[in-house]
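# Structure at a glance
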Amino acid sequence: MAITIEIDHARTRRMAQGQGPSQSPAQGKAPARKPARSPRQPGGPVVPQGVRGPIRRLKWLILMLTLTVYYVTPFIRWNRGPNAPDQAVLLDFAHGKLYLGPAEIWPQDLYLITAAMLLATLILILVNALAGRLWCGFACPQTVWTDLFLLVERLVEGDRRQRLKNLSSPLTAKRVAQIATKHALWMLIALLTGGTLIFYFTDAPELLRDLAHGEMTVTALTWTLVFAGTTYGLAGFAREQVCTFMCPWPRLQGAIWDPEAFTVNYRDYRGEVRMSAKKAAEARALGEPAGDCVDCGACVAVCPIGIDIRQGPNFACINCGLCVDACDGVMARLDRPRGLIDYESWENIERGRAGEPRVSRLLRPKTVGLALASVALAGVIAVSFATKTSAVLSVQHDRDPLSVRLSDGSVRNAYTVKLLNKSSGVQRFKLGVTGVDAALAIVGHAQADAIEVEPDGSETLRVTLTMPEPGDADVTFQAVDARSRVVLTAHDRFVNR
Ligand code: SF4
Ligand code: SF4
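Keep in mind the model is a prediction, meaning the values are calculated, not measured.

## Quick notes on the environment of R133
- As for its position among the elements, R133 is in the loop between α3 (110–131) and α4 (134–138).
- The class for R133 is buried, based on a relative accessible area of 3%.
- Remark: the alpha-carbon pair of R133 and W249, spanning 116 residues in sequence, is separated by 8.3 Å.
- When near neighbours in sequence (up to four residues on either side) are disregarded, R133 contacts N128, C243, W249, P250, Q253, F315, A316, C317, I318 and N319.
- Polar contacts involving the side chain of R133 include one to the main-chain carbonyl oxygen of F315, which spans 2.7 Å.

Given below as structure tokens:
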């Protein structure tokens, strides 16, 4: 099922009645339009046809690039010193840390992950404002793996015509062998995909060695099978259903669809009235209107989503451009200009219908604003990363009692001070306090200037402040790193109640 929005109801209605978009009702001699040829067999799967062309080649290139990045990344090493893992990208669940090259993200740095996700969303919305669902059509994992699975299907079972024939043919030994081969290859790819994903959660070469020796843990095996099953199901069977119904992005299109974005659109003012090349020649000879569309159905046959873009903008369209390649191929064979279906803004389709020149409006307040917001947020994230310290100081005031009056009349407050060492080496700190004239003491520590914290560890201290002439005041605890001289601060109160 395709979700279609009608942008121009009157025009759509008129076209549905068999009249071209640029045709007035008075010219109603056009032949009745055939219903759109459905790429989906009734109740069956979408069986897309293979296509050749520059966009298809670009998609193959992106597919190879993204798969290479996915399979190779866990094996890239990154030297972080003796006590840290040397895997460039590692999500270490056991220690609650994410390693991304030089960056080490702790649970305390969650705000950076949140900011990075916000940045990704901003960029996605910006791309959507420029060129629609470009991410979906070219680089989304669902698209990449579905393309890969479709390639296997085509290589094993033949192109669309043969596969459609297979759907209604009885099972023969050859068919059983084809089906078995296809599913075996799909499972192999799914296992490689699932197996690779777990490399991101542990030391990849070590796990690979274990696998080679048949020493896979139950946990690793379970997750490999879970990820492999997900890949097999989503890319082998769910395919376009994921892009249309499971993914939230098409749902959001109703709110963020931009008529100035360069999405895949059909130039109906040029294509209609559609008819065969022969009939078009006859109609033109009689001075009757005839469009460039020969209603060959090639654009529909190649669509991996199973929609007919000639019916108007469609939320389900992933902007993959395969129908552009298909139609350009037809136009080339007919010796007509390319671009009957093209990356073109809906506004320009409307301008074309009105006989106005096309306008490119990539730079508009919305895109400029989104680009500036993205750059600003990227800058904030970069500065936060650059100034991120490798240690954290936190202080918590005792609640009960808040303060204790000593026999000499002075008042003592107690605190729990926590020093967290996020580096891979031992760190030494000198603890002090400013803002009050108070004596600082650490329970169990003779000196406040030699507090050692182990790598990836923390030290919890019981600290007291004693003031001879007490009064409520703000206090600032300071921990000075003995080596880097970086000063960590944490604020609290001294109270006398
Ligand atoms: S209509 Fe064209 S661009 Fe949209 S999903 Fe189908 S083939 Fe891709
Ligand atoms: S491929 Fe081009 S000519 Fe053929 S049906 Fe589609 S729009 Fe018409």
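## Quick word on the pairing of strand β14 (residues 487–494)
- What you see with β14 is a clean split: L488, A490, D492 and F494 sit on the buried side and V487, T489, H491 and R493 on the side with no burial.
- Sheet analysis places strand β13 (residues 473–481) next to β14, joined by eight bridges and oriented antiparallel. Paired with T476 across the bridge in β14 is H491.
- Taking the residues that link successive antiparallel strands as the turn, the β13-β14 hairpin has five residues, and the phi of R485 there is positive, at about 65°.

## Section: the layout of surface pockets
- Taken as a whole, the largest pocket spans an internal volume of roughly 1,000 Å³.
- In this structure, the largest pocket is lined by 33 residues; those nearest its centre are W135, A139, C140, P141 and W145.
- Looking at side-chain class alone, the lining of the largest pocket contains 25 nonpolar, seven polar and one charged residues.

## Notes on the environment of L211
- Within the secondary structure, L211 sits in helix α8 (residues 204–212).
- Along the sequence, L211 and G195 sit 16 residues apart, while their C-alpha atoms lie 9.9 Å from each other.

## Topic: the packing of aromatic side chains
- Counted by the stated rule, this structure contains eleven aromatic pairs.
- Grouping aromatic residues by their ring pairs yields a cluster made of Y70, Y71, W145 and Y200.
- Against the face of F138 rests K59, its NZ or CZ located 5.4 Å from the ring centre.

## Quick look at the confidence of the model for the protein
- Per-residue pLDDT for the protein has a mean of 88; in total, 91% of the residues score no lower than 70.
- Across residues 1–36, confidence stays below pLDDT 50; counting only partners more than four residues off in sequence or on other chains, it has 67 contacts.

## As for the pattern of salt bridges
- Applying the stated rule across the entire model yields 34 salt bridges.
- Across the pair D203 and R77 runs a salt bridge, and its minimum N-O distance is 3.3 Å. Taken as a pair, D203 in the loop between α7 (173–199) and α8 and R77 in the loop between α2 (54–72) and β1 (89–92) lie far apart in primary sequence, 126 residues in all.
- For D203, a relative accessible area of 24% puts it in the partly exposed group.
- Ionic pairing is found between R361 and E260, a salt bridge with its closest N-O pair at 3.0 Å. One end of the pair, R361, is in the loop between α16 (346–353) and α17 (365–386); the other, E260, is in the loop between α11 (248–256) and β4 (263–266), with 101 residues separating them in the sequence.
- By relative accessible area, E260 is classed as buried at 6%.

## Looking at the site of ligand 2
- Taken together, 13 residues form the shell around ligand 2, and within it C293, C296, G297, C299 and C327 come nearest.
- Broken down by secondary-structure element, the contributors of at least two residues to the shell around ligand 2 are α14 (298–301) and α15 (322–333).
- Here the residues of the shell around ligand 2 sort into ten nonpolar, one polar and two charged.

Rules of the game
- Residues numbered from 1 in each chain as written.
- Chains lettered and ligands numbered in written order.
- Predicted model: local features only at pLDDT ≥ 70, side-chain atom pairs only at ≥ 80, totals over all residues.
- Heavy atoms only, no water.
- Helix = DSSP H or I, 4+ residues; strand = E, 2+ residues; numbered from the N terminus.
- Buried < 20%, exposed > 50% of the residue type's maximum accessible area, 1.4 Å probe, protein only.
- Contact = heavy atoms within 4.5 Å.
- Polar contact = N/O pair within 3.5 Å; in protein donor to acceptor, adjacent residues only side chain to side chain.
- Pairing = 2+ DSSP bridges.
- 1 Å grid on protein atoms, 1.4 Å probe; cavity = no way out; pocket = protein on both sides within 12 Å on 5 of 7 lines; lining within 4 Å.
- Points joined across faces, edges and corners; volume = space filled by probe spheres on them.
- Nonpolar A, V, L, I, M, F, W, Y, C, P; charged D, E, K, R; others polar.
- Phe/Tyr/Trp six-rings, centres within 6.5 Å; stacked < 30°, edge-to-face > 60°.
- Lys NZ or Arg CZ within 6 Å of the ring centre and 35° of its normal.
- pLDDT = per-residue confidence, 0-100.
- Salt bridge = Lys/Arg side-chain N within 4 Å of Asp/Glu carboxyl O.
- Near = heavy atom within 4 Å.

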